[in-house]
Structures are given as C-alpha cells and as structure tokens.
Amino acid sequence: MDTNGRLVAGSHNRNEFVLINADEIGRVTSVKELSGQICQICGDEVEFTVDGEPFVACNECAFPVCRPCYEYERREGNQSCPQCKTRFKRIKGSPRVDGDEDEEEFDDLDNEFDYDNSNNKGHTRQISEGAYYSRHNNIGRTSSGITNSSEVDPAAVNSEIPLLTYGQEEDDAISADKHALIVPPFNGRGKRVHPMPFTDSSMTLPPRPMDPKKDLAVYGYGTVAWKERMEEWKRKQNEKLQVVRHQGDKGGDELDDPDLPKMDEGRQPLSRKLPIPSSKINPYRMVILLRMAILGLFFHYRILHPVNDAYGLWLTSIICEIWFAASWILDQFPKWSPIERETYLDRLSLRYEKEGKPSELAPVDVYVSTVDPLKEPPLITANTVLSILAVDYPIDKVNCYVSDDGAAMLTFEAMSETSEFARKWVPFCKKFAIEPRAPEWYFAQNVDYLKDKVEPTFVRERRAMKREYEEFKVRINALVAMAQKVPEDGWTMQDGTLWPGNNVRDHPGMIQVFLGQNGVRDIEGNELPRLIYVSREKRPGFDHHKKAGAMNSLIRVSAVISNAPYLLNVDCDHYINNSKALREAMCFMMDPQAGKKICYVQFPQRFDGIDRHDRYSNRNVVFFDINMKGLDGIQGPIYVGTGCVFRRQALYGFDAPKKVKPPGKTCNCLPKWCCCCFGSKRKGKKGKSKKEDKKTTKVKEASTQIHALENIEEGVEGIDNEKSSLMPQVEFEKKFGQSPVFIASTLLEQGGVPPGATSASLLKEAIHVISCGYEDKTEWGKEVGWIYGSVTEDILTGFKMHCHGWRSVYCIPKRPAFKGSAPINLSDRLHQVLRWALGSVEILLSRHCPIWYGYGCGLKPLERFSYINSVVYPLTSLPLITYCTLPAVCLLTGKFIVPELSNYASLVFMGMFISIAATSILEMQWGGVAIDDLWRNEQFWVIGGVSSHFFALLQGLLKVLAGVNTNFTVTSKAADDGAFSELYLFKWTSLLIPPMTLLVMNVIGVVVGISDAINNGYESWGPLFGRLFFALWVIVHLYPFLKGFMGKQSGLPTIIIVWSILLASIFSLLWVRINPFVSRGGVVLEVCGLDCN
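Here is what the cut-offs are and how they apply
- Residues numbered from 1 in each chain as written.
- Predicted model: local features only at pLDDT ≥ 70, side-chain atom pairs only at ≥ 80, totals over all residues.
- Heavy atoms only, no water.
- Helix = DSSP H or I, 4+ residues; strand = E, 2+ residues; numbered from the N terminus.
- Buried < 20%, exposed > 50% of the residue type's maximum accessible area, 1.4 Å probe, protein only.
- Areas by Shrake-Rupley, 256 points an atom, 1.4 Å probe, with all protein chains shown as cover.
- pLDDT = per-residue confidence, 0-100.
- Contact = heavy atoms within 4.5 Å.
- Axes fitted to C-alpha atoms, helices over the stretch in contact; angles between N-to-C directions.
- Parallel < 35°, antiparallel > 145°, perpendicular 65-115°, else oblique.
- Nonpolar A, V, L, I, M, F, W, Y, C, P; charged D, E, K, R; others polar.
- Patch = residues over 30% accessible without salt bridge, like charges linked within 9 Å, V, L, I, M, F, W, Y side chains within 5 Å.
- Salt bridge = Lys/Arg side-chain N within 4 Å of Asp/Glu carboxyl O.
- Core = buried A, V, L, I, M, F, W, Y, C linked by side-chain atoms within 4.5 Å.
- Pairing = 2+ DSSP bridges.
- Phe/Tyr/Trp six-rings, centres within 6.5 Å; stacked < 30°, edge-to-face > 60°.
- Lys NZ or Arg CZ within 6 Å of the ring centre and 35° of its normal.

This part is about the overall build of the protein chain. Tallying secondary structure elements over the protein chain gives 33 helices and 19 strands in all. Out of the 1093 residues belonging to the protein chain, those deemed buried represent 49%. Accessible surface, the protein chain: about 53,800 Å² in total, of which carbon and sulfur atoms supply 56%.

Following this line, the structure appears as structure tokens:
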C-alpha cells in the first residue's frame, strides 16, 4: 500500500478521511488468476472426466491430483491423499485394490476386477519404480551418469524380464548398456517426483542378457530375498527420511540434479521432539508416585492424631495442608512427560529457499505495542523496531506494525527518526551478521566483537556506525526532553497541521507507512521491510479494552494492508536477540506434516539488566524451563503475552483441522475385518445420505468462499452486490464486522491482499477497521482475536485456542530468541505480580473459567489441570498467610499443631521432607535449572503469595462482585546511583504491609519462645525446637523481602542488622535472667557472725 510517506487519519463513524499532504494515489495492479489445475504430485495438468468435470481424487479436500498419480498411489503407494491423509476411495473405472470397501453407489464390474489390464502394466511400473529409487540410491548410474535417450538401443525388450538392479557401479563383467536397470528417457517433458506408469508405446528398450553369477548371487535377480530387501529398504526410507511430496512444478531434468542428496534432506521434518532421557525422567516419576503415597500416610497420621489442647490450631493447619497438597497436584502432573525440541534451519532453507528462485518462506506481520512513551522510553521501543527490521528473513516477507495506544506525537517522531536510522543500520547488520541486532545492546555487550570477523572494513564501519547510533540517541533524547512540556494549543506537525492525537481520549485513527513504500531504500539501494505506525481511534463512551483491544486493531489493519498468514507479537521492551528467531518458528509452522495443527510457537522470556543473585526471581526460570517443557509434552505451553508467533487463522476463532478416520472403520484401534467395528458392508442408506450431505456442505462452503472473495464493495471491478440473498455473508459480518475487504482476507489461508483491491479502498478500509465502534455486535474479543474480560488477556487467548483443538509448541533456541527488561526493585515487582494475579482472579470468576468451560472440545485433561492451576493460584494466599501466622501463635502460646511424635510419625515426616527435596533435585536435573534459581523461586512464591496474590484476590472480588475498582499506587522514596541502582529504589505501597506484619510477628515469636525456654529451664528446650524451626522457615523465606525493605544501608549488609537485633534481644533477656544484682525476693540472707573455726 503506497501512501507516499504521508500520515493517514480518519474516523469511519464520522465519515472523515484525511491524507495529509498526499499526492495522487496509484492503483494496485490486479493479481492474475490461474484458470487451470495442476497436479501437485507430478506437475501435469489434471484431466477432465467424460462428464466435463475436473477429475477429483479426494472428496474430502479436493487436493489436485491427476488420474495416473491417483492410480499409482492406490496401487503402489500408501493409498491416501497427500494433503488430508484420507484414504482414496475407488472411482468408477479404476481397478479394485486391497482395502477397498463394497460400494453400492455404482456398478463397475468391467473395471473392478481388471487384473489383466493391471498386470500388463507391471513392466512399466517396474521401470518407473527403479527410476524412483535410482534418484535416492544412485541406482543404475554409469560412470557418466544416468542412461539417457541416446544410449538406448531401439531393439525390442522382453516384457517378461523385469529390469531391476541394486545400483552397483559399472564393472568389468557387465557393461553399462547391459545393466539390469535402464532409465527410460523423459525427453525433458517429465515433471514427476515419484514413479509413474510410463506409457510411451513408441519407445522400445534393449534386451538384457542374463549373467547367472551376477544376477543370482549379486543382484538377487528373481529371488524372494531381493523382494524382501527392497521392502525393507522402503520401510527404512519411510521411517527415517519421512519423505513428503513437494508442491509445485518440477523440471524434467531433476533426475540429473547433482544436489539430490540435499533435496532428500530437505524433505525431512523441519523439527523433532527430544524426550527427556529415561535415566532422568523415570526416577522423577517414581519419586512423584512415592511422594503421593507418603502424602497419603502423612494425612492419615495428621487427621487421626489431633492435638486436644490446641484443637483450633491443629484444624486450621490441616485445612491449609490439604489445600497445599491439592495445589501441588495441579502443578505437578502437567510436568509428567516433559519434552524438548530441536529445529533444522538448514532443511528449512533447502525446502523453501531454492537457489535461483524467490523465497517461499511465509510472510510474517510483527506487532510492537506501546502506550505511554514517558513510562516506556522511545529509545527502547526504537531498539526493538530496529532488531525487527534487521532480522534474518526475506525483506519482502517482514512487516512491522507499531501500535501507539497513547497517540503520542513523541512516539510518532521517534519512529520517524528510527526509520531514517534503519536505512544505515539494517545493511550493516546483514553485511557483518552481527548479534544482537538491537544497537543499544550490541554496543553495550562486553565481548570480543572481532571474534569470527574477517572483513578488513569491519572495524572502520563499526566505529562509524557506533557514532551514527550515538547521534541517533541524542536526537531521541532531545525529542523526549521537548515532550516534557506540552504546548497550550497542543502539538503541531512540521507542515503546520495540528497533531490529530492531542486529545488522548478523543482522536481519530491514524496510519503512517514509514518504510516499505516505493523509493525508500537503504543506503546501499536495497529494499527495506515495511514499518507502519498505527494508532486506533478513541472516543468517549467506548470501552477500548486496553492492550487486547489494541492487538485486535492490529490484526485487522494488518489483514487489510499485508495479511501475512503468521503474526509475531512482542512488547516494546522485548527486542529480537536471535536474528533467526522467525526461522525457528517457521520450522514448526511450515512443517507440512505437523504444522497444520499448531496455533502458536511460544519462546521463553529472557531478561537483561537483572542482578546476579536475582533476589526477586525476575527471570522466572523454574516456570520457563520446567513447567513450560512439561506442557509442551501435552498440548503445548500457555501463551505468556510476548515473544509468540501465531497462525492468523487460529486467532480468527477457527477450529483446528481434525484428523479424519480411515473409511470403513468405526475406530482406529481394530482392523477392518473385526466384527466389533461393524464394517462398511452393513452400511445402508444412512451412510449414503451422510456422504451426500457432507459433499453438499463442502460444495456450499467452497461457493461461499468464492462469493465472499468477489463481494468486495469498493475498489474491485465487476461487483455483484447481492448480499441480501446470501446469508453466509451476513454471518461473516456478524463474526468479523462490516468490512468486506477484511472478510475476504480471512478466507485467504495463505495470506495475501484480496485481488483487485485498489490502494484507495485499502486505505479507507484500514481506517474503518481501527474505528472505535467497529467491534460492536461482533465476535471480536469473545471468539475472535485476543479475548476480553481479563487484564491477562494472554492466558485467556491461549486457552480459547486450545479449546478449539489447536496445539502450541515451545521453542528454546540455543541463543535466546528475545530479551527484555524486567522491574528489579521490590515494589515494581510486586505490582507486576499483582496484575498477573488479578487477571487470574477475573478469569476464575468468569464464564471462561477452565474449571467449567470447554468440556467436549479439544482440550486435554492435563492441559486443563495446568489452566486451572494458573487461575486458582491466587486463592493459595489465604491458607499461606494463615500458615505463616501459625508459628508465631505457637511460640507465643506455647502450643503446637503436631502432638508428640512417635517413631512411625518421625519416619513419615522424614519421608515427606526427603521426597520434597528429591523432587526438586530431579526437576533441576532434567530442567537444567540451578539451585539458586529454584530457591529464589520458592522464596518469592511465599513473598508474592502473602502480598500481591492476597490483594489481587480482594481486588478481583470487589471488581467482579461489587463493581468497585481499586488501585494500589506506588510513590518513590529514594534512589541511588550506580550499577543496578533501581534494585535499591524503595517505593512505599500497601502491598508491603502483610509480609512485614508476618515477619515482625515471627521474629517476636522467636524472641519470646527463646526467653520462655530460658526462664523454664532445659526441659522446655525440646518442645521449643519444632516451633522454632517452623518460625525460622517463614523468616528465611521472607528474607529477600526484608532485604528489599531495608534498601541499601550505606554498604552495611542487611543480614548483619537483622542478626544484630535478634541476638541483642536474646542476650538482653538472658542477662535479665542471670543478673545477680537484681533482688529475687523471698528470704534475705545475712552473713553469719559466728566464727565456726
């Protein structure tokens, strides 16, 4: 779409459309439609039947296959459609093969048992079969290559002698023209990929004299052993190579291609699963089962042995422990079968990037979302955009959309500066293949940047580029400084036009194409990816649904402008750290075997700028390296909001393609002859009617799609506006909205702009689909796009897609695909966790709660367990706060929740602790997680549970049940300079009250408990140890909170302050106990005055 570098603004509801300082808009060239159908196996044209209809081999998906390929696949192949894997049915005129059903639709006795005709073709089948295997194993090659037409003797060949060989090279006894295999010439006309019946009767082949020694001993000619070896070879090829058929035409000289071994590798899967080794996963599963058994014994003892003198404390602890056990089960079993994955980028290139031909990789639309440039610095957003524009992917396949939901002129001007700097940065990155391709992080890394660099100009150009980037940073900083003070009349653009977004809550939609238009190239004259600025329309009185609404606007506007079949969304502070990240995702999405059911590929989140100790578990390594791997072994990881590549069709709310059962069976587990399956012979007229209804439905759907593509109201020639007579079109509008261009784009599964649409109509539709009232009375936010109803729209959106039968994939490249920034001070971290927990509470109290939503669909039970755990975990805050209060109460009252332990009880408790430790150790082993990360995660689980999760639960209940919105504001207190200065920044917030209260209570309890033991003598120390251990467990888990609360104490470690206070209190009490100068009362003793001596 060419806007000639001008800003497009407008409002569909107000009938406003402004192209600021625009020239005349050119018309988009219409796309020429192909009229014929080409066989997707051999490349020949699909013939017509005697009725004048195109030949259809598969009634399920109508995959274009010619009749010879259909006959061969039924006779020699796997008898199924290459696309939908449905078994081919016998068509009238075709001979019957093993596995055919008894058809009652037609009588075809003449052809049904035409075995003679089939046998007469055996000779040519063997020739073509040998030709096929010769391509893979070099069979029948002479020293000069494969036999061509000039080497063929025109003498007649005995049809009774099969021409077969094992592919040995030319030897002394048998010359090249007497080899068992003679490859028939294709004269440059053949386009076949697999063996096809060779029916050229005008060509004759030379007879081949037999050499008994060679034929019988070496070649195995005419023996059963030869046949068995060939069958074994076929089986190994299918298992190891998993050969798939390529779409598109193949040249006749492909048999002579010297790169055939590479092409074989290109046919292999683009990725593979790597199960966790049994030596690691089997002990882990055994420990889980053992822990379940010990847990049963633990509760059996705890329930049957109450504490009579502290019955309330005992009952409260039992309730809390039962909840903890249920939460552990929900979290543990989704990790039962974790897997890892490996991608093959070289195979992806061999398959879709053939030398001398345009790249066949699928286009990708990349979404970058931002709101407030004063909280999300424009320099960070610019680095993210630059890393996207410089990604290692075909330039014409990348489209970057920046969503400015705050309509800030600062963001607009920053993107203008970024587009200018990209003309220098992108060619520099691709010329020297640098990593990462975000300039801020590339120039800041402390590594040897000369490693593996051999170009003599690299140092000079790097210094020049660093200078260019520093000047770019100065310009961005100047824009930020200027934006601190807003003019009274609002911002004005360079041409004197008022900025349309001066009123953040009331402004039209805006679109600006910065890069990707005609004439805008980099400094070396190469094209650049598209960079498009989008700000959706906002008006008072409309619910704009925050980030989820902005993402849905991007889906629609990108569908109108570029309509790539795949989408990548990243936050503005998450840059692409691995330039091959898109290729990694395409290894899953574009895999012809496993890719069709994948809705998204999720990458783990990795972060920069976090201190070495990661005291608040910002990296969240346990979740990303253990939990997500476990989910990948079930139905796929959950969507975490950023670093995720989507299939556009899955976001439109369509169901995943279903695996069709083979015909003639009612189940996939029993063979056809099994009487339990009630084979096809018992099918009556009901079966016929179902088949006919299915065919009719498919024909109607196809006609609906064709009409919908033609029913674009504006910008398309030859419109027949008869929507009132087409109910399906009305249904499309109810689901997707009132944009015919967008509706037409939803039907293009492989993407692309609808043919015939003009640039003017696309501009108008782009403004239309980002208008604030476009989603009214549609399925947007309910079944289509990002789902509304929660501040954590990511969990809800992924859950809906899994309910539609899709599966997701977790990809962990060796080099992290994306990196971002995380809040590292305590208050900001707690508020981030508060937002996540609040979203979970909203989902828990909505109709989309996984406890009761989505049954009878494609969601697997263990995947449901994971989603239930992701929405109920804030409820754990109530028993956790209660359980952390119990140690202080026990120390202050002298009671305890457990009676005096017997030997049996001691063994149960020891087994419980050992099983917990063993589970953690084995998880660290197969997940590759360090013990520090596991311990920090455990600590912050307690800190976040007693603070953020508790407040999120209260806030969610007030919001959902009472309609009251509450906010917890953060105010800054002080900050220090230096490395990780933000770590020591203290901000007071009400979230700090519960953990601080628990910490003070337990410290006081420890002091009182120790003083009481000192006062009561040594007999009271034994019962004290259990209560003391319980309280110290709470204090140790809350220690990072205390460290963050104390801040940076002028270099004095916090631990010294804590232990100083604790020990001072204990020694003070001890001194009071043993001080001899204090009168104890009672009988006063005096010195005896008698001299006993």
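Further remarks concern the confidence of the model for the protein chain. Overall, the predicted model of the protein chain reaches an average pLDDT of 74, with 68% of residues at or above 70. Every residue in residues 22–35 scores below 50 in pLDDT, and together they form 17 contacts with partners more than four places removed in sequence or on other chains. Of the regions scoring below 50 in pLDDT, residues 210–222 engages in 28 contacts with residues more than four places distant in sequence or in other chains.

Attention now goes to unusual backbone geometry. Both trends apply: most residues other than glycine have a negative phi, and most peptide bonds are in trans. Put simply, E435 and P436 share a cis peptide bond, and its omega is -10°. Its location among the elements puts P436 in the loop between helix 12 (409–432) and helix 13 (439–444). The phi dihedral of K546 falls on the positive side, at around 50°, and the residue is not glycine. If you trace the backbone, K546 turns up in helix 15 (residues 546–561). Despite not being glycine, S617 has its phi angle at roughly 55°, a positive value. Secondary-structure assignment places S617 in the loop between strand 14 (606–608) and helix 17 (621–632).

On to the packing of helix 12 against helix 14 (residues 458–482), then. For the pair helix 12 and helix 14, the least separation of the axes is 10 Å and the interaxial angle reads 175°. Taken together, the axis directions place helix 12 and helix 14 in an arrangement best described as roughly antiparallel. Of the residues in helix 14, those touching helix 12 at L410, E413, A414, E417, T418, F421, K424, W425, F428, K431 and F432 are F458, E461, R462, M465, E468, Y469, F472, R475, I476, L479 and V480. For the contact of helix 12 with helix 14, the residue count by class is 13 nonpolar, one polar and eight charged.

Taken together, L845, L957, V960 and L961 make up a surface patch of nonpolar side chains, about 340 Å² in accessible area. Mapped onto the secondary structure, L845 falls in the loop between helix 24 (826–844) and helix 25 (861–872).

Time to look at the nonpolar core. Note on soluble globular proteins: their nonpolar side chains tend to be buried together. Counting 75 residues, the largest nonpolar core has W425, W499, L568, M586 and V601 as its most contacted members. The element that contributes the greatest number of residues to this core is helix 12, accounting for 12 residues. With residues near it in sequence (within four places) discarded, V601 still touches A585, F588, M589, G643, C644, V645, V809 and C811.

Our next topic: the pairing of strand 10 (residues 530–535). With six of six residues buried, strand 10 lies mostly within the body of the structure. Bridge count between strand 8 (residues 398–404) and strand 10: five bridges; the pairing is parallel. Paired with Y401 across the strands is I532, a residue of strand 10. Note: strand 9 (residues 509–515) against strand 10, five bridges, orientation antiparallel. Along strand 10, the bridge assignment pairs V513 with I532.

Our focus in this paragraph is the environment of R462. The topology assignment puts R462 in helix 14. Exposure remark for R462: the relative accessible area of 9% places this residue in the buried category. The sequence separation of R462 and F432 amounts to 30 residues, and the corresponding C-alpha distance is 9.6 Å. Every residue in contact with R462, bar those within four places of it in the chain, is listed here: F428, Y442, F443 and Y449.

This model, assessed by the stated rule, comprises 46 aromatic pairs. These aromatic residues form a ring-pair network of at least three members: F421, W425, F428, F432, Y442, F443, F458, Y469 and F472. The lysine or arginine in question, R556, covers the ring of W780, its NZ or CZ lying 4.8 Å from the ring centre.

So, about the pattern of salt bridges. Counting across every chain of the model gives 30 salt bridges. With a shortest N-O distance of 2.8 Å, D632 and R341 are connected by a salt bridge. Of the two residues, D632 sits in helix 17 while R341 sits in strand 6 (residues 339–343), which places them 291 residues apart along the sequence. Take D632 and R341: they sit in the same class, and that class is buried. Residues joined in a network through salt bridges with shared partners are E353, D392, K580 and R583.

Turning next to the packing of helix 26 (residues 877–893) against helix 28 (residues 931–946). It is at 8 Å that the axes of helix 26 and helix 28 come closest, and there the two elements cross at 105°. As far as their axial angle goes, helix 28 and helix 26 are roughly perpendicular. Here S877, L880, I881 and C884 of helix 26 lie close against helix 28, whose contacting residues are W941, V942, G945 and V946.

This brings us to the environment of V929. Positionally, V929 belongs in the loop between helix 27 (903–927) and helix 28. It is 10.0 Å that separates the C-alpha atoms of V929 and F624, two residues lying 305 residues apart in sequence. Sequence-distant contacts of V929, defined by excluding residues within four places in its chain, comprise V621, V622, D625, I626, M924 and L934.

Here three strands make up an open sheet; going across it, the order is 12-17-14 and the pairing mixed. In this open sheet, the two edge strands, each paired with only one partner strand, are strand 12 (575–576) and strand 14.

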